[in-house]
Each structure stands twice: as C-alpha cells, then as structure tokens.
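Analysis of the macromolecular model
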Amino acid sequence: MALRTGTLGWPRTGPKREMKEALEKYWAKKTSEEELLAAYKSVLEQGVKDQMEAGIQVIGVGDHTLYDHVLDWAERFGLTSKRVKEAGLTGLDAYFTQARGRDGIPALDMTKYFDSNYHNMVPEVPAGVEPKLTGEVERFTSMLSWAGAVVEGSSSSVAAVVLGPVTLAKLCKVEAPLTFDGLLSSLVGCYVSLLGEMKKACGTAVREVQFHEPWLVKTDAKSASTRAAYEKVYSEIAKAASSHGFAVNVAVHFDSVDAEVYEYVVKLPVQRITLDFCRGTGMLETVEKAGFPADKELGAGVVDGRNIWKNKKDAQTMLQRLLAVAGVDAERVVVSPSCSLQYVPYDVRFETNMSETLKEKVAFAVQKLAVVVDVAKETKKEANVAALPAVKIEDNVSAASMTAAEEKMLTRSEDFVTRRPKQIKVPAFPTTTIGSFPQTAELRRIRLAFKQKKVSEEEYNKVIDEEIERVIKAQADIGLDVFVHGEPERSDMVEHFGVKLEGMAFTQHGWVQSYGSRYVRPPIIFDTIKRKEAMTVREFKVAQKAAGDVPVKGMLTGPVTILNWSFCRTDVSRASQALEVAAAIREEVKDLEDAGCRVIQVDEAALRERMPLKTEDAPKYMDWAVKAFRYSTAVAKPSTQIVTHMCYSSFEDIVKFIDEMDADVLTIENSRSGNEMLAVLADYGYSKDVGPGVYDIHSPVIPTQEQLVQQVDRLKASGLDLARIWVNPDCGLKTRKWDEVVPSLTNMVAAAKAMRELITSA
C-alpha cells in the first residue's frame, strides 16, 4: 500500500514570475486592485492544480501572499503598526505601507526568516492593542475556497496553512508594557475565531489545519515558559478544531527538534506532527530512540524543501528507518517535503540551457512533488535496518580542515589600530554607497543580448563602460567621498562571480522569492570551486580612470554569502565549500590591489542567514564562516581598506564574530531598526569604522535633507565613536530609479556636510 502524500506550502512567484509583474504594475498604478487580486488568485490556482496533477493527496494552502505571510497574519489579527493606524490607512494601502513605507511613514523592519534566505516583515504591536479578526481574513478563506474548487472531484484535499500562534507572537516586536505572554494570550481567541470563520466559509472543503511552528526548533523551545505556552495554546485550539471537525497538524521545519522539546510536542492534543528530517542531525535518531505515539500520525518531511537535489534514495532510507525502527505504521505516515517549497524554484523544465547530466540530479518544486509521490509509492518496510545506507544531510557545522600554512593566512600583517592611519583620508561623516546603482532597461537588454551572443564582447563592454562613466559622473556631481562603479555588468551579486568560477551552474528561470517582488536566482554548486580569471578588475580600472583621484571601491561578494545564496553540495561540508570560494576571492583581492584599488568591499550580506537555529551549534558555524572571510581578505596590504556589508538581521549574539572578521569598515542596514544594532555594537565596544544605513532603499520614498540630518544626528546617541561613522544608504540601489536615487543621495550628502559643520562649530 502506498503511503499518503502532502505538502506544506508552494512557491508564491507563479511559474513565470507572474506575481512580480502583477505587483510592480499595481505599485506603478498601471493596473487596478481588482487586476492585482485576479493575478493573485490565478497564481494560487495554478499551484494547487500542479500539486493535484502530481498526485499530492493533502495540499497545503494558505501561505500564498501579496508580499509576506508574517505580515498577512498580523493584518488578519489587527496587529497594524501604530503609525499606519494613526494615518488612517486601510486595506491594501495599509498593508503595502507597512511593507514598503510612504512619505512620512517608515516601513516595518525586515529580518531573515529563521535561517532561510527569505525576509519577513517584523510586525509592530502597540501596547493596549486588542487583537481581533479583520476583513483580511476573507482573503485567507477565499484562498481555501478557490483551492477547494480546483481539487473538487479529485483524490486531493485541501489543508489550511496557518502561521502558528507561538511563532507569530515570537516574531512580533511588542511595545511595553505589552509582553510576549500578554500578546499570545490575546491571540488565542483570534485563532479560535479563525477556525469558526474557516468552517463557515469553506464547509467540508477543508478538513485539516496545518499550524506551522518553526519556533519549536529554536533553543528557546526547551524553556519551561515556552513549553507551557505551547501546551496551553494547543489545548484551546484543539478543542475548537474538534468542534468544527478539523484535524490539527503541527508542522515543524528548518531543523531537528531537541529531545526535550520532542517529548512535549508529541503529547500535544493534535492529530498529526510533521517533522523536518532533512535539517539538523538528530531528528531521525530522536524519533528512533523515543518512538512515536500510537495515537498520532507522522508527517515525514523526508524530501528536502530547501535544496534542489532529488536525493530520492536518502528520502527512502529515512522513511524505511522510521517505519522499521521508530515503529510508525504505514497507515499513520504522510510523506511530504521538509518545509514549504517556496524556497526552491518552480519547474526545472524551463531550464533549456542546463546540461542533461545536471538536470537528471535536480528537482525544483514541481519535480519535488514527483519525488514525494515516488517515495510514498515505492518505499517498503525494511527488515534489515543495518543494511540501509547512510543518509547524507547537509553539514552546516563541521569545520573545514586547514593546513598550518593556511591558518597563518587568516591574519592581516598589521592590526586595525596600526593599519587604519595608512588607509584613505576622508572627512568626518564620509559619504559613500553600498555598491549598485539603478539598472535601466537598456542595461538589461544588452546583458541579455550578450548572453545570447547577439552582440560582441567589444559592443557589450562599450555600453558597460559608458554606464560606469555615467555613474562616476553622477557621484561626483552629488559630492560623495568614495565612489563605486555601479555594477552595471551584474544582474545579481552572486551570479556575476559564479559564472566566472568553475564548479557552479546557473539557471534561466530558477527564481526564488527573497521578499515582496524581489526574486533571486541562486546558483547551483555541483563541483570543486576554482577561479578561472579575474572577475572585476577590468570594470574597476574603467571606473578609477573616470574618477581621477577619488577612490573607487572594488566590489566583491564574500565567500559565505556566495555559499548561503547558492544551492550547495551535500556530499561535502559547507565549510569546505566556503573555503574553496574564499580562495577564489583572495586571488581577486590581490589582483584588485595590483590594479591600484585602495578600498575593497567584500559583502557578507548573508553571513547570518544560515547560522544554526540552535544556540549550541551557532559558534561552530560562525567559526568557519569568519575564517572563510578572513582567508579571502587577509591578503590585503595594511594600506588597503577592507569593507564589509551586512543585510537585515540581528547582531546581538554574533557581534563578537563580526569583530573577529577584522574588516576596517562595517556597513549595515539600519534605517528601519531605529539604530538598535548600533547600540549593540557600542555596548560590545566595537572600535572599527561603522557605516549605518541612514535611509531605506527598499522603499520608493525620497528622504528629505531634514529627515536625514535628524537620522545622522541620532547616530550621536548610539555610543559609537563619531570619528568612525560613515554615512551611506541601507543597501545597494539597483532596484531603485534614477529619479529616486539622485535626490536621495544629494540630501544624504547635504546632511553629512551639515553634521560636519555642527561638529566643527561645537
């Protein structure tokens, strides 16, 4: 008998990025709200149809979103930020203002969603708020009804995907005196009411509710208070679900569940527990040792939802061990991906340029469904468990072996205090940007034509060089102190390097959502990584010649970010792969220096992204990550300034490791977080240069000079040495328009000059 199959979520992008097109047309006022929602419905229905036709029996529906699912649930429960409420905004105006901001109303903060490369919004919950269901719930129940209509008459059914109450409350930023416990207590009633609304709207079309609780993999889940929260909440939810005829599935993903947590999770009064057997090292062993309760079903997340390898045999082996050793009856098992499939591209069949050899090994979301179905059909209980092969699980914590000579190559020849005076001279509050400038339609056209070999390299370079010169002139006119070349030759900060490295492959349509309408195409690491040629030197020379005496930054992507924004090999550790990339970046740093580059930025935007979610494993990851960065940069001369940039994430628990990276300048996204990370750096005693982002590049809002003066002035309260403060935007400017960038940077430079004058006069 074949095991049952299920899913936990689906790519929100659409097969060919239909959601991106629909959103950006709506924001540009080229389409109506009705047209946007029609596209939203169409993409959802297509995803359900794809899953139904693949033979999935329990289809998870409800995580489809116009921007971010965390923001969706905050809005459904009335957790709207105070500033948006005070502005009187409602509906999509309120929703997109929280996501993107508007004049005078900053957007919500963003952070990485657990250890994925997806960004979620951070809901702000005002003190005194009374959560309640809002009209936004109707969009959720409509999704379920649409999906129910698609599967009607088939062997598939719909399971509602709901962000669990504990995870949602933990992801919120609450205003004192409100606490996590207070918020969670007030949210339970919303979840109970939600079940009633689902029953009224969907009838028998939905029989199962998946409550996604990834917080259960965190170390915090072992605490007595978090255990008590889960036990109390799910006791109430289970009663309400039972009264409406819903089965409850608590789905846990992104890592293994600690043994202490497993012990109470399997006792929750729910019908199914879905576990991730593809991340972390102990989930299979924990279930084998403790067994699985006879009164529950097991959702077996044995097909990796975070990587693109088929790994069918590994999935079958894990399932065989569960059936044989854990004593789980086949009738009580539902085979599924380890998490939502939103983290992988849509369909590998679109990849007409991918080698057949590689394509045979790869599974995007549509192909993952086939793996799930095949594993469920073909896996049989194995009596001789000892004969089963070892299972390969992605190794994110083991250190890479280094020779004594390589260990010596991790340290720069002089310490920061000694080398900093030898580097470029800049005024107080020096101004710069993070790297990229707006990418025009003409740039995208010429890049595509060059890839398709429709224009010569000479023609292509001519257009690129003219754009570099344009960017340099714009920066000179604005009055920036350190220039960048603008990256016109790059469609992506990882792809540009990957195509010049051996061992990496790229897709044509392998898009994955990063946030909102921002999609990325992660490369695929399939072999040993080596540098084939210089990757950035030619463009740097063009830019520096145009800039004259003003320093131009050499722009590189760091080894950990290249790794974390790629689909990696599973047959060797991530640490070993990081060192391979680091060796290539080290060669590039040396070549840039030889070409006259005085400032080299090595971005580690994703340093924290894959940091393990368990406290005890994090230092092991950070150890090899820091070594990879230092290996790539320590070759620099003392007179060369090394800069690094980090994107939205919390630094409280990694500031020690950031300091150990030994970069001369650290630039960070900061404008949405109220300078919280600066306070963390100051409390730690961080003594190197810092460039906190002073305005939000993810928003189309142009900050005024007055607003930027206020923002720069607030830096004085951070506790950092003002002589070490740089002034820059939050991140690269590629996604913005020139008519947004020029006035924003002009106002930023004016604000920095105003602060210089204030300091001088004081």
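Residues numbered from 1 in each chain as written. Predicted model: local features only at pLDDT ≥ 70, side-chain atom pairs only at ≥ 80, totals over all residues. Heavy atoms only, no water.

**Quick word on the packing of helix α17 (residues 441-451) against helix α18 (residues 457-478)**
When two helices pack together, their arrangement is given by the angle between the helix axes and the distance between those axes. Contact pair α17 / α18: the axes reach a minimum separation of 10 Å and the direction vectors enclose 155°. With respect to α18, the axis of α17 lies roughly antiparallel. In this structure, α17 crosses over α18, and the sense of that crossing is left-handed. Of α18, the residues touching α17 (which contributes E442, L443, I446, R447 and F450) are E457, Y460, V463, I464 and E467. Taken together, the residues of the contact of α17 with α18 sort by class into six nonpolar, no polar and four charged. (Axes fitted to C-alpha atoms, helices over the stretch in contact; angles between N-to-C directions. Helix = DSSP H or I, 4+ residues; strand = E, 2+ residues; numbered from the N terminus. Parallel < 35°, antiparallel > 145°, perpendicular 65-115°, else oblique. Left-handed = near helix turned anticlockwise from the far one by under 90°. Contact = heavy atoms within 4.5 Å. Nonpolar A, V, L, I, M, F, W, Y, C, P; charged D, E, K, R; others polar.)

**Things to note about the sheet that holds strand β2 (residues 58-61)**
With parallel pairing, eight strands are arranged side by side in an open sheet as β1-β12-β11-β10-β9-β8-β6-β2. In the strand order of this sheet, the two ends are held by β1 (4-5) and β2, each with one partner. The sheet contact formed by strand β6 (residues 157-163) and strand β8 (residues 206-212) spans six bridges and is parallel. Looking at β8, one finds that V161 is bridged to Q210. Against the sheet, helix α8 (residues 180-202) engages β6 and β8, with an angle of about 150° to β8. (Pairing = 2+ DSSP bridges.)

**What about unusual backbone geometry?**
With an omega of 5°, the peptide bond running from A176 to P177 counts as cis. Here P177 is to be found in the loop between β7 (173-174) and α8. Located in the positive-phi region is F254, a residue other than glycine, with phi close to 90°. On the secondary structure map, F254 appears in the loop between β9 (247-251) and α10 (259-265). For D662, which is not glycine, the phi dihedral falls at a positive 65°. With respect to the element layout, D662 can be found in the loop between α24 (655-660) and β20 (665-668).

**Some points on empty space enclosed by the protein**
In total, this model carries eleven cavities of 30 Å³ or more according to the counting rule given. Here the largest cavity defines a volume of roughly 560 Å³. Along the wall of the largest cavity there are 34 residues; nearest its centre are M493, R518, W565, C647 and C731. Elements with a contribution of two residues or more to the lining of the largest cavity: β14 (512-515) and β15 (518-520). Residues belonging to the lining of the largest cavity are distributed by class as follows: 15 nonpolar, eleven polar and eight charged. N117, R306, N564, S566 and R610 are the residues nearest the centre of the second largest cavity, which is lined by 18 residues in total. (1 Å grid on protein atoms, 1.4 Å probe; cavity = no way out; pocket = protein on both sides within 12 Å on 5 of 7 lines; lining within 4 Å. Points joined across faces, edges and corners; volume = space filled by probe spheres on them.)

**Quick word on the pattern of salt bridges**
Should their charged atoms come close, side chains of opposite charge can pair. Per the stated rule, a full pass over the model turns up 62 salt bridges. The shortest N-O distance in the salt bridge between E285 and R321 comes to 4.0 Å. Taken together, the positions of E285 in helix α11 (residues 283-290) and R321 in helix α12 (residues 312-324) put the pair 36 residues apart, joining distant regions of the chain. Take R321: its relative accessible area is 18%, and that puts it in the buried class. (Salt bridge = Lys/Arg side-chain N within 4 Å of Asp/Glu carboxyl O. Buried < 20%, exposed > 50% of the residue type's maximum accessible area, 1.4 Å probe, protein only.)

**What about the side chain of N728?**
Here N728 shows up in the loop between α26 (705-714) and α27 (738-761). A distance of 3.1 Å separates a polar atom in the side chain of N728 from the backbone oxygen of G691. Setting aside its immediate chain neighbours within four residues, N728 contacts T432, I434, T667, G691, P692, G693, V694, Y695 and M748. (Polar contact = N/O pair within 3.5 Å; in protein donor to acceptor, adjacent residues only side chain to side chain.)

**What to know about the packing of helix α2 (residues 33-54) against helix α6 (residues 137-151)**
Where α2 contacts α6, the two axes come as close as 9 Å, and the packing angle between them is 45°. With respect to their mutual orientation, α2 and α6 come out oblique. You can see that α2 and α6 cross each other, and the crossing is right-handed. Across from L37, Y40, K41, L44, E45, V48, K49 and M52 in α2, the residues of α6 making contact are R139, M143, W146, A147, V150 and V151. Split into classes, the residues belonging to the contact of α2 with α6 amount to ten nonpolar, no polar and four charged.

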